[in-house]
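Report on the structure
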Amino acid sequence: MRTLIKGGTVVTCAETFKADVVVEGERIDAIGAAFSGHFDKTIDATGKYLMPGALDVHTHLDMPFGGSSSSDDFETGTRAALWGGTTTVVDFAIQAKGQALRQGLDNWHAKAQGKACSDYSFHLICTDLPENVIGEMDKVVDEGVTSFKLFMAYPGVLMVDDSTIYRALLQARENGALVCMHAENGGAIDVMIKQAVAAGKTEPKWHALTRPPQMEAEATHRALAMAEVAGVPLYIVHLSAAEAMQEVRRARDRGVKAYAETCPQYLFLSYDNYLEPGFAGAKYVMSPPLRPKGNEEHLWKALALGDLQAVSTDHCPFNMSGQKELGKESFAKIPNGAPGIETRLLLLYNGGVNTGLISLNRFVELVSTNPARMFGLYPKKGTILPGADADILIWDPKKQVTISAATHHMRVDYNPYEGWKVVGAPATVLLRGKVMLENGTFTGKAGDGRFVKRYRPEFKSP
Ligand code: URP
Ligand code: ZN
Ligand code: ZN
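Now for a description of the structure that goes with this document. Because the structure is predicted, anything quoted here is derived from the model rather than measured.

We now examine the overall build of the protein. Per the secondary structure count, the protein includes 13 helices and 21 strands. Against the 2.2 N^0.38 benchmark of 23 Å for 462 residues, the protein shows a C-alpha radius of gyration of 21 Å, consistent with a compact globule. For the protein, the spread of C-alpha atoms along the three principal axes comes to 70 × 50 × 40 Å. Counting the 462 residues in the protein, one finds 62% classified as buried.

Once that is clear, we can look at the sheet that holds strand β21 (residues 441–442). Hydrogen bonds along the backbone pair up the strands of a sheet, which may run parallel or antiparallel. Taken together, 7 strands build an open sheet; the order of strands is β3-β2-β7-β18-β19-β20-β21 and the sheet is mixed. Two strands lie at the open edges of the sheet, namely β3 (16–18) and β21, each paired on one side alone. Contacts from helix α12 (residues 344–353) reach β7 (49–52), β18 (392–402) and β19 (421–431), with the element oriented near 130° to β19.

This next bit is on the site of ligand 1. Taken together, 14 residues sit near ligand 1, with K149, Y154, H182, S287 and D314 positioned nearest. K149 has a polar side-chain atom sitting 3.0 Å from an oxygen atom of ligand 1. A distance of 3.2 Å separates a nitrogen atom of ligand 1 from a polar atom in the backbone of N336. With the chains in place, 100% of the 270 Å² that ligand 1 exposes on its own is no longer accessible. In a pocket analysis with a 2 Å cut-off to the grid points, ligand 1 is assigned to the largest cavity.

Quick look at the coordination of the zinc ion (ligand 2) now. For the zinc ion (ligand 2), every protein donor is listed as K149 (NZ), H182 (ND1) and H238 (NE2), and the spread of their distances is 2.1 to 2.4 Å. Between the zinc ion (ligand 2) and the zinc ion (ligand 3) the interatomic distance comes to 3.7 Å. Separated by 89 residues along the polypeptide, K149 in strand β13 (residues 147–151) and H238 in the loop between β15 (234–236) and α9 (242–253) bring together distant segments of the chain. The same class applies to K149 and to H238, which are both buried.

To continue, consider the coordination of the zinc ion (ligand 3). Taken together, H58 (NE2), H60 (NE2) and D314 (OD) make up the full set of protein donors to the zinc ion (ligand 3), lying 1.9 to 2.1 Å away. Each of the 4 donor atoms around the zinc ion (ligand 3) contributes to a set of angles spanning 88 to 139°, which defines the coordination as irregular. Binding-site remark: the zinc ion (ligand 3) is held by donors from one chain whose sequence spacing is H-x1-H-x253-D.

Now for the environment of E296. As for its placement among the helices and strands, E296 is situated in helix α11 (residues 295–305). When the C-alpha positions of E296 and L269 are compared, they lie 8.6 Å apart, and in sequence the two are 27 residues distant. Beyond its immediate sequence surroundings of up to four residues, E296 is in contact with Y266 and L267.

Empty space within the largest pocket amounts to approximately 400 Å³. Around the largest pocket, the lining comprises 17 residues; the ones closest to its centre are Y154, V157, I193, A332 and N336. Tallying contributions element by element places helix α6 (residues 186–198) first for the lining of the largest pocket, with 4 residues. When its residues are assigned to classes, the lining of the largest pocket shows 10 nonpolar, 4 polar and 3 charged. There is about 300 Å³ of room inside the second largest pocket. Around the second largest pocket sit 18 residues that line it, and W83, E342, L346, V401 and H409 are the ones nearest its centre. Sorting the residues of the lining of the second largest pocket by element identifies β18 and β19 as the ones contributing at least two each. Its residues assigned to classes, the lining of the second largest pocket comprises 8 nonpolar, 8 polar and 2 charged. Formed jointly, the lining of the second largest pocket draws a minimum of three residues from each of two domains, domain 1 (2–51 + 385–398 + 424–442) and domain 2 (53–374).

Rules and cut-offs
Once a new chain begins, its residue numbering starts again from 1 and follows that chain's sequence as written. Written order decides the labels, with chains lettered from A and ligands numbered from 1. Residues qualify for local features only when their pLDDT is at least 70, as the model is predicted, and side-chain atom pairs are given and counted only at 80 or more; totals for whole chains, interfaces and linings, by contrast, use all residues. As a rule here, side-chain values cover all heavy atoms of the structure and leave hydrogens and water aside. A run of H or I in DSSP becomes a helix once it reaches four residues, and a run of E becomes a strand once it reaches two; helices and strands are each numbered from the N terminus. In this description the radius of gyration comes from C-alpha coordinates, and the expected globular size is given by 2.2 Å times residues to the power 0.38. Between buried and exposed lies partly exposed: a residue is buried under 20% and exposed over 50% of the maximum accessible area for its type, with that area taken using a 1.4 Å probe on protein chains only. Strand pairing follows a simple DSSP-based rule, namely that at least 2 bridges must link the two strands. Here a residue-residue contact requires only that any non-hydrogen atoms of the pair lie within 4.5 Å. Between the N-to-C directions of two axes lies an angle of 0 to 180 degrees, each axis being a line fitted to C-alpha atoms and, for a helix, fitted only over the stretch in contact. Residues are labelled near a given molecule or strand when at least one of their non-hydrogen atoms is within 4 Å of it. Think of a polar contact as two N or O atoms within 3.5 Å of one another; within protein, one of them needs to be a possible hydrogen donor and the other a possible acceptor, and neighboring residues in sequence only count if both atoms come from side chains. The Shrake-Rupley method, run with a 1.4 Å probe sphere, supplies the accessible areas, and residue values consider only the shown protein chains as cover. Lining residues are those with an atom within 4 Å of a point, where the points come from a 1 Å grid over the protein atoms alone and group into cavities, where a 1.4 Å probe fits but cannot get out, or pockets, open sets with protein on both sides within 12 Å along at least five of seven lines. Think of it this way: if more than half of a molecule's atoms are within 2 Å of a pocket's grid points, that molecule is in the pocket or cavity. A donor here means any N, O or S atom no more than 2.8 Å from the metal (3.2 Å for Na, K and Ca); water is not included, so a site may seem to lack partners. Only two sets of limits are used to name each site, 85 to 135 degrees for every angle of a tetrahedral four-donor site, and over 155 degrees for opposite donors with all other angles from 65 to 115 for a square planar four-donor or octahedral six-donor site, with any other site named irregular. Grid points are joined across faces, edges and corners, and a volume is the space filled by probe spheres set on the points. Only Asp, Glu, Lys and Arg are considered charged in this grouping, and only Ala, Val, Leu, Ile, Met, Phe, Trp, Tyr, Cys and Pro are considered nonpolar; every other residue, Gly among them, is considered polar. Domain segmentation is taken from an automatic or database assignment of domains.

In structure tokens form, the structure reads like this:
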């Protein structure tokens, strides 16, 4: 299959130039002009941008959590991802306590295989690393799962103690993996939650009030200090608070390879959302919580100046009906997480590029190139280059979209951005040369997505 994409403007993290692109089979074959010969398909991209397909390196598909399971599985979640311009997701597989790491990984392969529409890879969440298990991390890395996530929050469920964290960091120093950290002080937060519930403070806003930013900053500092002593890089996931951002900057200033991502919800929503009438605040119950207005300004600056490396989603959807409502009597029982796999690019382009807060090239870097670099997928993914996978996002900068649960493709009964009007959206999406989305029609299918082994990340850049 030979495809010509003509008349568009190629946008990478570094350059913007007019060019035609030839796709041969699953790869980009050539970038230039005046190509001749036979093409099986020609796509007119006049007036549009050709960007590398986006990577979402923080998703929770089909994840058991908080007495429920996230409502998107690998089929519905990755289909929605493609609708939004994301061609690869890196999902979090989970090692249950007492389980071998292998088992956790096998479970996630079974969830994804034959179902995923987009390409996919896994990080592995480790919840239990006794001496006879920790060495398995090396095998997992050899199989292309080159990053792990540890939790400093959710005691009794996912949280691990500092000695486990430190031992895992040392193991990562040996095997070259990248450790990702959920940085919130779970012990102190647990006390605050119990006190609030005992005092009858049970509305959704108490979720945020029992997880103050100092607890994110403290854990961020502690995690980075441990990484510093262990001599390894660390990637802080879903960074939400200005105080935590400051800890990342301070660590970098002392020479720690400290990296971090944020998510659209921390850029576009705020604590005020918890005050929506009735139980509507439950839509935004996620950890870390939404922060008071003003935090987002620090995050935007960090995105523009390079202190944050990526924008991921932390997509972890739960329906209001039957799932979030488990916490009607107490915020502590509301499943944590919110949907976003489909809306990441729409929001960041409209709120970042259209407003001039970030450049078009930086947009590509944040949603595609850096995630690919940080997680060992570059230059197979994350750029437009001969030889790279032909994951191409043809972006219409003029397309207007009204975000709504009535029209989105995520399997969840609400959208946190209901009614928001944005300008700029995917027109056509190719996954390894195959057209997955065109003229408002999804042309891919379950099983089109493939597991992608990742290299050990190299930390020369970004
Ligand atoms: O509330 C969230 N973020 N749910 C998903 C699990 C996690 O902490 O990433
Ligand atoms: Zn987390
Ligand atoms: Zn998460």
